[in-house]
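Chain by chain, the residues:
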Amino acid sequence: MSNELIVAKFGGSSMADASAMLRSAKVAKQHKANLVVVSATYGTTNDLLALSSKALDGDWDACLPYIETLRSRHQSIADDLEVESDVRNDMEGLLLEVETLAKGICLLKDCSSKALDSLQSLGERLSSTLFVKAMNSESIKSNVEFLDVRTVLRTDDQFGKAIPQIEEIEKLCLENLKPCLSGEKILVTQGFIGSTEDGLTTTLGRGGSDYSAALLAEGIGADILQIWTDVAGIATTDPRIVPEASLIGEISFQEAAELAAFGAKILHPTTLTPALRKNIKVFVGSSYEADKKGTWIVKDCETMPLIRAMAAKKGQSLLTLSTPKMLHAHGFLYEIFKIFNDHKVSVDSITTSEISVSLTVDDGTLVNKKLIQDLSALATVKIEENLALVSLIGNNINHTPGLASDIFSALGDINVRMICLGASKHNFCVLVSEELANEAIKRLHKNFIN
Ligand code: ADP
Ligand code: ASP
Ligand code: MG
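Residues numbered from 1 in each chain as written. Chains lettered and ligands numbered in written order. Predicted model: local features only at pLDDT ≥ 70, side-chain atom pairs only at ≥ 80, totals over all residues. Heavy atoms only, no water.

1. Observations regarding the overall build of the protein chain
Here comes step 1: When you go through the protein chain residue by residue, the secondary structure sums to 14 helices and 16 strands.
Here comes step 2: Against the compact-globule benchmark of 22 Å for 450 residues, the protein chain has a radius of gyration of 23 Å, which places it among compact chains.
Here comes step 3: Along the first, second and third principal axes, the C-alpha set of the protein chain runs to 70 × 55 × 40 Å.
Here comes step 4: The burial tally for the protein chain puts 52% of its 450 residues in the buried class.
Here comes step 5: Considering only contacts in the protein chain between residues 6 or more positions apart, those separated by 24 or more positions represent 77%.
Here comes step 6: About 20100 Å² of surface is accessible on the protein chain, with carbon and sulfur atoms providing 51% of the total.
Here comes step 7: If the 44 positive side-chain charges of the protein chain are averaged to one point and the 58 negative ones to another, these points end up 2 Å apart. (Helix = DSSP H or I, 4+ residues; strand = E, 2+ residues; numbered from the N terminus. Rg over C-alpha atoms; globule rule 2.2 N^0.38 Å. Buried < 20%, exposed > 50% of the residue type's maximum accessible area, 1.4 Å probe, protein only. Contact = heavy atoms within 4.5 Å. Areas by Shrake-Rupley, 256 points an atom, 1.4 Å probe, with all protein chains shown as cover. Lys, Arg positive; Asp, Glu negative; His and termini not counted. Charge placed at Lys NZ, Arg CZ, Asp CG, Glu CD.)

Okay, structure coming up:
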């Protein structure tokens, strides 16, 4: 038996129903996971968010179907897994918590980000409660124990997108996760959620279970992080856009990190940061076809192709700030970025000219009217919405003659609103209209990959 310490994460589709859970449990056992991190069952986080918005409207009748859907989804998994009464009681307690939180939001017509995190946490708390049972089932029979991840995954109190406290997490993992470190037990826990020092429940942002698993892998000093999902590894682009996209056997941390940061849903953008810090090898594979080769994300790859993969990040807005004051002046970019910093808004790409600077942010940022007001005090602000960043990911991109011309000729008549090249040798990025993003990917994929 190998002594490697392994963290395995299973996403929502791997938790979709009892048979998906049993299949995932088998994969966790066969692939020798010491710690298993699970997402909410498929669709549950979306349903909890929809529930919160009905509750916020104060419309209790509109909340009931969501509560019913959540209840029946989890009850039917419990029935199929033939869970005992104690697990059923735990599950009922969690479902009651969903109802109580929704009722509170509905009565107050107020949904703070703190309340929303508590509500969303129930997805992972329910799925992990049931998954313990799947791991314990007749056919799998593993020595498994439930772990409330909030005892170890310490974060700050930025509800909705809490920042993990790395040193604390490491300390708490070493103190509390001894049974899995010694290989005596497999621990099953929740992705996505954490807790402040005061015991308040937080979340890491949508898709954050990958990040949780990486943080826990770092915390326990794991050798391998396995991400089990619904595709058999990282492909050259999203197979939903290009079905003939091919699976990548091996990819470097830098390339995979760029791919995740620039929109490839397969990995949460910050997943690789802890793995890179501790040089933990990351594997991505399908819980449905666990025997397929999958993708290894490693420090040094055997091949370093010019273009390895591509991704689209939709829902982008372009802000163009112009002012003659920028001419021959210093400190202007400082002033602008100070405003973004004060509003905790992250900027994806940027380009500047003599009197203007253009930058992209997520569309959702525009609801922050105060941000736009503060920027308008410095410069004229022009906003263009519904754009997408299309990125080509590979190696030596900024030192390859002729590449830009190949990219533009492949794009043909698709208008490029902005380009970003030069900052990274792993990325060439163009900003196009959101409705043409898939077409841009198809054309680039055909030209550069197959
Ligand atoms: P999970 O619920 O397991 O976390 P996600 O839906 O978050 O799964 O991520 C898996 C999905 O990511 C795939 O179904 C696929 O459509 C999408 N995806 C986007 N880009 C890629 C890519 N380059 N390779 C593979 N899958 C990708
Ligand atoms: N359940 C959360 C979400 O849907 C976290 C995750 O699945 O990674 O965003
Ligand atoms: Mg995911």
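2. Overview of the site of ligand 2
Here comes step 1: All residues adjacent to ligand 2 are Ser39, Thr45, Glu124, Phe192, Arg206, Gly207, Gly208 and Ser209.
Here comes step 2: For ligand 2, the accessible surface in isolation is 260 Å², of which the surrounding protein chains cover 87%.
Here comes step 3: Split into classes, the residues belonging to the shell around ligand 2 amount to one nonpolar, five polar and two charged. (Near = heavy atom within 4 Å. Nonpolar A, V, L, I, M, F, W, Y, C, P; charged D, E, K, R; others polar.)

3. As for the sheet that holds strand S2 (residues 35–38)
Here comes step 1: Spatially, S3-S4-S2-S1-S7-S9-S10-S8 is the arrangement adopted by the eight strands of the open sheet, whose pairing is mixed. On the outer flanks of this sheet lie strand S3 (144–146) and strand S8 (250–252), each paired with one strand and no other. Each neighbouring strand pair of the sheet contributes to a mean axis angle of 20°, computed without reference to strand direction.
Here comes step 2: Note: S3 against strand S4 (residues 186–190), three bridges, orientation parallel. (Pairing = 2+ DSSP bridges. Axes fitted to C-alpha atoms, helices over the stretch in contact; angles between N-to-C directions.)

4. Structural notes on the site of ligand 1
Here comes step 1: Near ligand 1 you find 17 residues, and of these Thr229, Asp230, Ala235, Arg240 and Lys265 are the closest.
Here comes step 2: At 3.0 Å from an oxygen atom of ligand 1 is found a side-chain nitrogen or oxygen belonging to lysine 9.
Here comes step 3: For ligand 1, whose unbound accessible area comes to 570 Å², protein coverage reaches 89%.
Here comes step 4: Residues that form the shell around ligand 1 fall into these classes: six nonpolar, six polar and five charged. (Polar contact = N/O pair within 3.5 Å; in protein donor to acceptor, adjacent residues only side chain to side chain.)

5. Some points on empty space enclosed by the protein
Here comes step 1: Under the defined criterion, the tally for this structure stands at one cavity of 30 Å³ or more.
Here comes step 2: Its volume calculated, the largest cavity comes out at about 30 Å³.
Here comes step 3: Considering the residues around the largest cavity, the lining is formed by Ile166, Ile169, Glu170, Leu215, Glu218 and Gly219.
Here comes step 4: At the level of elements, helix H6 (166–176) and helix H8 (209–220) are the ones that each hand at least two residues to the lining of the largest cavity.
Here comes step 5: In terms of residue class, the lining of the largest cavity is built from three nonpolar, one polar and two charged. (1 Å grid on protein atoms, 1.4 Å probe; cavity = no way out; pocket = protein on both sides within 12 Å on 5 of 7 lines; lining within 4 Å. Points joined across faces, edges and corners; volume = space filled by probe spheres on them.)

6. Brief notes about the pattern of salt bridges
Here comes step 1: A complete count under the given rule lists 24 salt bridges for this structure.
Here comes step 2: One salt bridge connects lysine 171 with glutamate 168, and the closest N-O pair in it is separated by 3.9 Å. Placement of both lysine 171 and glutamate 168 in helix H6 is noted, with a separation of three residues, approximately one turn of the helix.
Here comes step 3: Accessibility expressed as a relative area gives 28% for glutamate 168, which makes it partly exposed.
Here comes step 4: With its nearest N and O atoms 3.1 Å apart, the salt bridge here joins lysine 338 to aspartate 342. Here lysine 338 and its partner aspartate 342 are both found in helix H11 (residues 332–342), four residues apart, which amounts to about one turn of the helix.
Here comes step 5: Lysine 338 gets classed as partly exposed once you look at its relative accessible area, which sits at 37%.
Here comes step 6: Among the charged side chains, a salt-bridge network with shared partners connects Arg71, Glu92 and Glu99. (Salt bridge = Lys/Arg side-chain N within 4 Å of Asp/Glu carboxyl O.)

Treat this as a map of the structure, not an account of what it does.
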